[in-house]
Amino acid sequence: MTTRRSVLKMLGTGGALAWGGGSLVHAQGNSVTITSLGGKWEQSIREHFIPLFKKRTGAEVRVVLGGPSQWSAQIEAQPNRPPLDAVDNSELLAIALKNKGLVVKLTPDKVPNLAHTPDLFRKPFDDYGASYQDSTSALCRNRHKIPQEAKTWPEFFERAAKGEFGRSITLPDISYPWAPHIIWHFATVLGGGVDNLDPAFEALKKIKPYIVKFWSTALEVGRMVVSKEVDIGYLWDGRITAMMGEKNPTLAFNRPGPNSLVTLSPAQVVKGGNEKLAFEWVNTLLDPEPQLQYYKLINFTPTNSKVIIPDNMKANIMPLNEGVTPPYSELAKVTSRIVDRWNREIRG
Amino acid sequence: MTRSSTDLGQLARIVLLLPATIIVVVGYVLPSLVLAALSFGIVPGVWVFSEATTSHYMRLLGDIYYLRVVGYTLFLGIVVSVLTAVLAFPVGYYLARSRSRLTSLYAVLTFTPLAVGMNMVTLGWMIILGKTGFINALLLQTGAINDPLQLLYGWGAVIVAMVHVVFTFMVLPIEAVVRQIDPSLEKAARILGAGPIRTFIEVVLPLSLPGIAAGFLIVFLQVCGAFVLPLLLGGQGFTLMPIAIWEQITVSFDRSFAATLSVALILISIVVMLLQMRIMREKSLV
């Protein structure tokens, strides 16, 4: 007879199996589980990188769509049986995975393309990750409304605070995952640093009356500029150049000095996964051939120095010496405080 | 009835209930338990219960910013629910009572927000309320204004779009309940001298309350959990709980505090649900 106890036992067994059975997506023999953002990013991963990887290894590739927070949480939840073999991470989460011992160091013998990847894209992660793309901070503007570009970040803040651009500015909100990096950059170009973020917050408070919206997703900026909700906004150069051209003839962009914030997408090999294929996958991500195709589709700059950029696109690439990255480990320590401070001083 | 047929009946009930039970246990109960554990600082996978702490709850209760976030979320939930109830009632009443051929068209129109989804409705309102959008263009062309109004990125935009998104969820239960009300009751009230307003207030409205209450609950819970719409249409002066949870996960990387906020949001939903059930029971509406 089926009793209540037997049903509970059945449920318990099922639950235990579900719990212990591990993830549905898991590294196996001749396949590698990797990650990708959706949209054009996924398109490029499938069209440009996976075919080359398959040609070289004959292995299958499983793509897990999502975002860095989700992937890092998955790896941390199952450290002995990671559901991913390679992860396409954000900078701070890449450092966190490295510090927790959940990723493996990349070496030129296992990842030959590492040799052609400049230090800026590897050393912030001590070679526990290497970025296959980069994008830099820039301002996009309606050239008819604002003919004269802000040549430096201090000039931008000064002119904005005087109301020269009117109430037509958009900057990133704290809900944007890279907001702490951007606040650090604002602080440094305005005379502060990771230990002194006051200049950034003071400048933001001064220009707050002229902000139409602090944006949460980069997609919002394009829409706001094109629909003339704003005349000037902060965005990554690759995204701006992708919008420019015949479709948006009024759109212009520049990278204010003295330097530009560089964002990276460090690719990492997860410890305990299919490390051999994961190294090969990271090597494919760093390969000049698919990187060029990726650049043509997405406009985010390739990092392999062997990539030959077409002449018509060369002007959009920032010289490496103009780019800066935050001290990630120090920034990670103050991120929560930055969020709290923003909530009190900018939102409050 | 023999013993074996009783057992067979019990077995059939268990088999029929099993899929739903598995979905509830695996999809809701287990994740909720993991979430609750995380909110006390217990890391899933490691499960060190000795490290449990209430510090995240103390932070939530002791920080005016997060209390304000809870307040804004409740405020939006209540305002949108009330507005939707007021706007949806005539539509629900019309759909239930009218014999016009147009009712099917109205019914289809009522379903459109549900059919296109919250994201599309959000984009639609961005176009309507934008500086170069429909409303501003109309006002500028008629000379009512000289410069476009800032209609996006504030409470107004969020409330209007949210009411649109959840409208169907209020109309359907109201229509279902009004359909059950015997029209002769309204006729009797009118014959006895009550005007249309008094008939509505003293007869139709009290009898419609179960539908309004059901719609209110669904709408309130939908609004409290909304993420994309307030993120894209909201302004810089206020934050809602789903956005605060997102910030803690993706920016602060503080999953425990994010779990605490999530548990608080779930608790608010449960409390509102229990409160509504109690009120309904006290008024003998269920």
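Residues numbered from 1 in each chain as written. Chains lettered and ligands numbered in written order. Predicted model: local features only at pLDDT ≥ 70, side-chain atom pairs only at ≥ 80, totals over all residues. Heavy atoms only, no water.

## Describing the pairing of strand 6 (residues 169–172) of chain A
Direction of pairing for strand 6 of chain A relative to strand 7 (residues 211–215) of chain A: parallel, over a ladder of four bridges. The residue of strand 7 of chain A that forms the bridge with Leu171(A) is Phe214(A). (Pairing = 2+ DSSP bridges. Helix = DSSP H or I, 4+ residues; strand = E, 2+ residues; numbered from the N terminus.)

## Things to note about the packing of aromatic side chains
Tallying each qualifying case throughout the model produces 28 aromatic pairs over all chains. When the ring of Phe53(A) is compared with that of Trp281(A), the centres are 5.5 Å apart and the planes differ by 80 degrees; the resulting orientation is edge-to-face. Linking Phe53(A) in helix 2 (residues 40–57) with Trp281(A) in helix 10 (residues 275–285), this pair joins segments that are 228 residues apart in sequence. With respect to class, Phe53(A) is no different from Trp281(A); both count as buried. With centroids separated by 4.9 Å and ring planes inclined at 85 degrees, the aromatic side chains of Tyr65(B) and Tyr66(B) adopt a geometry described as edge-to-face. Exposure class is identical for Tyr65(B) and Tyr66(B). Each is buried. Cluster of aromatic residues (ring-pair linked, three or more members): Trp153(A), Phe156(A), Phe157(A), Phe165(A), Phe186(A), Tyr234(A) and Trp236(A). One Lys or Arg, Arg59(B), reaches over the ring of Phe257(B) and ends 3.9 Å from the middle of that ring. (Phe/Tyr/Trp six-rings, centres within 6.5 Å; stacked < 30°, edge-to-face > 60°. Buried < 20%, exposed > 50% of the residue type's maximum accessible area, 1.4 Å probe, protein only. Lys NZ or Arg CZ within 6 Å of the ring centre and 35° of its normal.)

## Digging into the interface of chain B and chain A
Across the boundary between the two partners, chain B contributes 40 residues, which contact 40 residues of chain A. Taken together, both faces of the contact between chain B and chain A bury some 3,400 Å²; the carbon and sulfur share is 57%. By the criterion of area lost to chain A, the three top residues of chain B are Tyr153(B), Gln236(B) and Val251(B), representing 20% of everything that side buries. The tally of links from chain B across to chain A stands at four salt bridges. Here Arg344(A) makes a salt bridge to Asp63(B), at a shortest N to O gap of 3.1 Å. At the surface where chain B touches chain A, the tally comes to twelve residue pairs in polar contact (both at pLDDT 80 or more). Top contributing element to the side of chain B that touches chain A by residue count: helix 1 (residues 3–39) of chain B, with nine residues. Considering only residue class, the side of chain B that touches chain A consists of 19 nonpolar, 13 polar and eight charged. (Contact = heavy atoms within 4.5 Å. Buried area = accessible area lost by both parts, 1.4 Å probe. Salt bridge = Lys/Arg side-chain N within 4 Å of Asp/Glu carboxyl O. Polar contact = N/O pair within 3.5 Å; in protein donor to acceptor, adjacent residues only side chain to side chain. Nonpolar A, V, L, I, M, F, W, Y, C, P; charged D, E, K, R; others polar.)

## Some details on the confidence of the model for chain A
Chain-level statistics for chain A give a pLDDT mean of 91 and a share of 92% at 70 or above. Every residue in residues 1–27 of chain A scores below 50 in pLDDT, and together they form 30 contacts with partners more than four places removed in sequence or on other chains. (pLDDT = per-residue confidence, 0-100.)

## Thoughts on the confidence of the model for chain B
The pLDDT averaged across chain B works out to 92; a share of 97% of its residues lies at or above 70. Predicted as a complex, the structure gets a pTM of 0.87 and an ipTM equal to 0.84.

## Section: a nonpolar patch on the surface
Together, Ile266(B), Leu267(B), Ile270(B), Met273(B), Leu274(B) and Met277(B) make up an exposed nonpolar region whose accessible area comes to about 500 Å². Residue position: Met277(B) is located in helix 11 (residues 255–282). (Patch = residues over 30% accessible without salt bridge, like charges linked within 9 Å, V, L, I, M, F, W, Y side chains within 5 Å. Areas by Shrake-Rupley, 256 points an atom, 1.4 Å probe, with all protein chains shown as cover.)

## A short note on helix 2 of chain A
All names here are of chain A. Counted at 1.5 Å a residue, the expected span for helix 2 with its 18 residues is 26 Å, and the 25 Å between its end C-alpha atoms agrees. Of all the bends in helix 2, the largest measures some 40 degrees and sits at Phe 49, one to four residues before the proline Pro 51. Within helix 2 the residues assigned to the buried category are Trp 41, Glu 42, Ser 44, Ile 45, His 48, Phe 49, Ile 50, Leu 52 and Phe 53. In this fold, the buried residues of helix 2 make contact with strand 1 (31–36), strand 2 (60–65), strand 5 (130–142), helix 9 (237–243), helix 10 and helix 11 (288–298). (Expected span 1.5 Å × (residues − 1). Bend = angle between axes of the 7 residues up to and from the residue.)

## Thoughts on the environment of Asp182(B)
Within the secondary structure, Asp182(B) is located in the loop between helix 6 (155–180) and helix 7 (183–191). In this structure the side chain of Asp182(B) is engaged in a polar contact, spanning 2.9 Å, whose partner is the side chain of Ser184(B).

## A word on unusual backbone geometry
All names here are of chain A. With an omega dihedral of 5 degrees, the bond running from Gly 257 to Pro 258 counts as a cis peptide bond. Inspection of the secondary structure assignment puts Pro 258 in the loop between strand 9 (251–254) and strand 10 (260–270). In this model, Asn 299 sits at a positive phi of 75 degrees, which is unusual for a non-glycine residue. Assignment of secondary structure puts Asn 299 in the loop between helix 11 and strand 11 (301–302).

## Observations concerning the pattern of salt bridges
Tallying each qualifying case throughout the model produces 30 salt bridges over all chains. With a closest N to O distance of 3.4 Å, Asp254(B) and Arg59(B) form a salt bridge. Taken as a pair, Asp254(B) in the loop between helix 10 (241–250) and helix 11 and Arg59(B) in helix 2 (residues 55–62) lie far apart in primary sequence, 195 residues in all. By relative accessible area, which is 17% here, Asp254(B) ends up buried. Where salt bridges share partners, they join Asp198(A), Glu202(A), Lys205(A), Arg341(A) and Glu345(A) into one cluster.

## Quick look at the pairing of strand 1 of chain A
Residue and element names in this part refer to chain A. Of all six residues that make up strand 1, six are buried, and the element is covered over most of its length. Here strand 1 shows no split at all, with Ser 31, Thr 33 and Thr 35 on one side and Val 32, Ile 34 and Ser 36 on the other all buried. Alignment of strand 1 against strand 2, held across six bridges, turns out to be parallel. For Thr 35, the partnering residue across the bridge sits in strand 2 and is Val 64. One crossover worth recording links strand 1 to the parallel strand 2 by way of helix 2, and it is right-handed. (Right-handed = clockwise from strand over helix to strand, strands pointing away.)

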